[in-house]
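# Notes for the structure review
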Amino acid sequence: MNDSTEPVIVHNAAASRFETKVNGLLCVASYHLHNGVMDMVHTGVPPALEGRGIAGRLVAAALEHARAHGLKVRPSCSYVAVYMRRHPETLDLQAH
């Protein structure tokens, strides 16, 4: 990825995560799925790649997937919780 290229986000269902590789480094948004709830448990971007918006793109892809598949989201990861608060259009997905 360079400044003009968006990372390609892949849903790795077998590993329960959304992921992308940037400069050979793996970035992930991991979840556990249980009874129709996608529990977002971890978002990880290597320090060398921080500040590029990669984590936000991973979380956005996960939330789009949840919406498309009728899932609710539990933001156990603090980054996901903050992301959802900053994007109120996603709050309807939040599990209660």
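For every chain, the first residue of the written sequence is number 1, and numbering continues from 1 onward in sequence order. Given that the model is predicted, a residue must reach a pLDDT of at least 70 before its local features are reported, and side-chain atom pairs must reach 80 or more before they are shown or counted; all residues, however, enter totals for whole chains, interfaces and linings. Each side-chain value is worked out from all heavy atoms of the structure, with water and hydrogens disregarded.

## Description of the overall build of the chain
Inclusion rule: Counting from the N terminus, the helices are the DSSP runs of H or I reaching at least four residues and the strands are the DSSP runs of E reaching at least two. Here the globule rule reads 2.2 Å times residues to the power 0.38, and the radius of gyration is calculated from C-alpha atoms. Relative accessible area decides the class of each residue, using a 1.4 Å probe on protein chains only: under 20% of the type maximum gives buried, over 50% gives exposed, and in between gives partly exposed. Contact criterion: two residues are considered in contact whenever any of their non-hydrogen atoms come within 4.5 Å of each other. The accessible surface values rely on the Shrake-Rupley method and a 1.4 Å probe; as for residues, cover is taken only from the protein chains in view.
A tally of helices and strands in the chain yields 2 helices and 5 strands. For the chain, the α and β elements follow one another from N to C terminus as β-β-β-β-α-β-α. Taking 2.2 N^0.38 as the reference for a compact globule, 96 residues should give roughly 12 Å; the C-alpha atoms of the chain span a radius of gyration of 13 Å, in line with that estimate. Considering only C-alpha atoms, the chain reaches an extent of 40 × 30 × 20 Å along its principal axes. Expressed as a percentage of the 96 residues in the chain, the buried residues total 43%. Long-range contacts, defined as pairs at least 24 residues apart, comprise 39% of the intrachain contacts of the chain with a sequence gap of at least 6. Of the roughly 5,600 Å² of accessible surface on the chain, a fraction of 52% belongs to carbon and sulfur atoms.

## Some thoughts on helix H2 (residues 78–86)
We count it as follows: The directions from the helix axis to the C-beta atoms form the arc being described.
For H2, the set of buried residues is Val80, Ala81, Tyr83 and Met84. Seen along its axis, H2 keeps its buried residues to an arc of 160 degrees; they face one direction. Seen from the open side of H2, the exposed residues pointing more than 90 degrees away from its buried face are Ser78, Arg85 and Arg86. Where the residues of H2 are buried, they touch strand S4 (37–44), helix H1 (54–68) and strand S5 (72–75).

## As for the packing of H1 against H2
Heads up, the rule is: Here an angle of 0 to 180 degrees is reported between the N-to-C directions of two axes, which are lines fitted to C-alpha atoms, with helices fitted over the stretch in contact. Just so you know how the angles are binned, under 35 degrees is roughly parallel, over 145 roughly antiparallel, 65 to 115 roughly perpendicular, and the rest oblique. Classes in brief: Ala, Val, Leu, Ile, Met, Phe, Trp, Tyr, Cys and Pro nonpolar; Asp, Glu, Lys and Arg charged; the others, Gly included, polar.
Running from N to C, H1 and H2 cross one another at 75 degrees; their axes reach a closest spacing of 10 Å. Classed by the angle they form, the pair H1 and H2 counts as roughly perpendicular. Side by side, H1 and H2 meet where Ala55, Gly56, Val59, Ala60 and Leu63 of the first sit next to Tyr79, Val80, Tyr83 and Met84 of the second. Partitioned by chemical class, the residues of the contact of H1 with H2 number 8 nonpolar, 1 polar and no charged.

## Points about the side chain of Ser30
Within the element layout of this structure, Ser30 appears in strand S3 (residues 25–34). Residues in contact with Ser30, not counting those within four places in the same chain, are Ser16, Arg17, Asp39, Met40, Val41 and His42.

## Digging into the nonpolar core
Quick reminder of the rule: Each nonpolar core is a collection of buried residues, namely Ala, Val, Leu, Ile, Met, Phe, Trp, Tyr and Cys, held together in the definition by side-chain atoms within 4.5 Å.
Residues Phe18, Met38, Met40, Ile54, Leu63 and Val73 are the most contacted members of the largest nonpolar core, which totals 25 residues. Mapped onto this core, the elements with two or more residues apiece are strand S2 (17–22), S3, S4, H1 and H2. It is H1 that contributes the most residues to this core, 9 residues altogether.

## Let's talk about the sheet that holds S3
Sheet strands pair via backbone hydrogen bonds, and the direction of the pair is either parallel or antiparallel. Here is the rule: Only when DSSP finds a minimum of two bridges between them are two strands counted as paired.
The strand order across the open sheet built from 5 strands is S1-S2-S3-S4-S5, with neighbouring strands paired in mixed fashion. Of all strands in the sheet, those with a lone pairing partner are strand S1 (10–12) and S5, marking the two edges. Here the average twist between neighbouring strands, direction ignored, is 30 degrees. Direction of pairing for S1 relative to S2: antiparallel, over a ladder of 3 bridges. When the bridges of S2 are listed, Asn12 appears paired with Arg17.

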